[in-house]
Amino acid sequence: GRLQTDQKSVHYPEVCYPADGFESRSNQTEVITVSGHRLTVKRLIMEQPGRREYITYWTVIGKYAAYSPTTSKIQQLRYGVRGIIPDGFIVRVSTISESEDWQTHQAFIDALFSATRESPLSRIIPTAL
């Protein structure tokens with residue numbers, strides 16, 4: 001968007017979900033393999049009465065991965081000192097389930113990468129820091 005301020009910043013699930021009444025049951029950083037790429041993701045389990053949500057996500061600032069609000073800000077500053085305002089986005093996969101559902105996430109991410117590898121959406125594959 002034209003407005004490039006922190007008002008348009010990435011909303012991290014580990015911040016937004018608790019603000020919506022969820023409790024964090026797990027917050028892990030993991031490396032998964034997708035189409036031959038090693039991808040660092042965050043895996044969260046968030047819960048509120050009657051609902052457990054499994055979340056896998058990663059963030060891209062410009063073309064680089066960012067794994068937390070702090071690393072996002074560092075990437076913004078790295079671009080900013082060069083006069084560049086980078087785009088940023090979060091890729092989030094989630095399921096509501098009573099039991100661990102990481103295999104469903106992996107299958108979806110594999111399909112997403114296969115479908116976007118030759119398209120402009122290939123930006124979802126970040127360059128490692």
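Structure shown above.
Criteria and cut-off values
- Residues numbered from 1 in each chain as written.
- Predicted model: local features only at pLDDT ≥ 70, side-chain atom pairs only at ≥ 80, totals over all residues.
- Heavy atoms only, no water.
- Helix = DSSP H or I, 4+ residues; strand = E, 2+ residues; numbered from the N terminus.
- Buried < 20%, exposed > 50% of the residue type's maximum accessible area, 1.4 Å probe, protein only.
- Contact = heavy atoms within 4.5 Å.
- Areas by Shrake-Rupley, 256 points an atom, 1.4 Å probe, with all protein chains shown as cover.
- Expected span 1.5 Å × (residues − 1).
- Arc of directions from axis to C-beta.
- Core = buried A, V, L, I, M, F, W, Y, C linked by side-chain atoms within 4.5 Å.
- Pairing = 2+ DSSP bridges.
- Phe/Tyr/Trp six-rings, centres within 6.5 Å; stacked < 30°, edge-to-face > 60°.
- Salt bridge = Lys/Arg side-chain N within 4 Å of Asp/Glu carboxyl O.

### So, the overall build of the protein
If you tally the helices and strands in the protein, you get three helices and five strands. Listing each helix as α and each strand as β along the protein from the N terminus yields α-β-β-β-β-α-β-α. In the protein, which comprises 129 residues, the share counted as buried stands at 36%. The contacts of the protein with a sequence gap of at least 6 include a subset with a gap of at least 24, amounting to 62%. Summed over its atoms, the accessible surface of the protein is roughly 7,800 Å², and 52% of this surface lies on carbon and sulfur atoms.

### What about helix H3 (residues 102-116)?
In this model, H3 (15 residues) spans 21 Å end to end at C-alpha, consistent with the 21 Å of a helix rising 1.5 Å per residue. Taken as a whole, H3 has its buried residues at Trp 102, His 105, Ile 109, Phe 113 and Thr 116. Along H3, the residues classed as buried sweep out an arc of 80° about the axis, all on the same side. Seen from the open side of H3, the exposed residues pointing more than 90 degrees away from its buried face are Gln 103 and Ala 115. Buried residues belonging to H3 abut strand S1 (23-34), strand S2 (37-48), strand S3 (51-61) and strand S5 (88-96).

### Let's talk about the nonpolar core
Core analysis: the largest hydrophobic core is formed by 10 residues, namely Ile 32, Val 34, Leu 39, Val 41, Trp 58, Val 60, Val 91, Val 93, Ile 109 and Phe 113. Contributions of two or more residues to this core are made by S1, S2, S3, S5 and H3. Core analysis: the second largest hydrophobic core is formed by seven residues, Leu 44, Met 46, Ile 55 and Tyr 57 among them.

### Details of helix H2 (residues 69-80)
The end-to-end C-alpha distance of H2, which contains 12 residues, comes to 16 Å, matching closely the 16 Å that a straight helix rising 1.5 Å per residue would cover. Of the surrounding secondary structure, the elements contacted by the buried residues of H2 are S3 and strand S4 (64-66).

### Thoughts on the pairing of S1
Across a regular strand the side chains alternate sides, sitting on one face of the sheet and then on the other. Judged from the 11 bridges that link them, S1 and S2 form a sheet pairing that is antiparallel. What sits directly across from Thr 33, in S2, is Arg 38. Remark: two residues form the turn of the hairpin made by S1 and S2, two consecutive strands paired antiparallel; Ser 35 in that turn has positive phi of roughly 50°.

### Section: the packing of aromatic side chains
Per the counting criterion, the structure on display carries five aromatic pairs. When the centroid spacing of 5.0 Å and the interplanar angle of 70° are considered together, the rings of Tyr 17 and Phe 22 count as edge-to-face. The class of Phe 22 is buried, set by a relative accessible area of 9%. Taking 6.2 Å as the distance between ring centres and 50° as the angle between the ring planes, the aromatic pair formed by Tyr 64 and Tyr 79 counts as tilted. Here the residue Tyr 64 occupies a position in strand S4, and Tyr 79 occupies one in helix H2, the gap between them amounting to 15 residues. Take Tyr 64: its relative accessible area is 25%, and that puts it in the partly exposed class. With a relative accessible area of 8%, Tyr 79 lands in the buried category.

### Here's the deal with the pattern of salt bridges
Within this structure, the stated rule accounts for seven salt bridges. Put simply, Arg 25 and Glu 23 hold a salt bridge, and the shortest N to O gap is 3.3 Å. Owing to a relative accessible area of 47%, Arg 25 belongs among the partly exposed residues under this scheme. Across the salt bridge formed by Glu 47 and Arg 25, the nearest N and O atoms sit 2.6 Å from each other. One end of the pair, Glu 47, is in strand S2; the other, Arg 25, is in strand S1, with 22 residues separating them in the sequence. Through salt bridges with shared partners, one network takes in Glu 23, Arg 25, Glu 47 and Arg 52.

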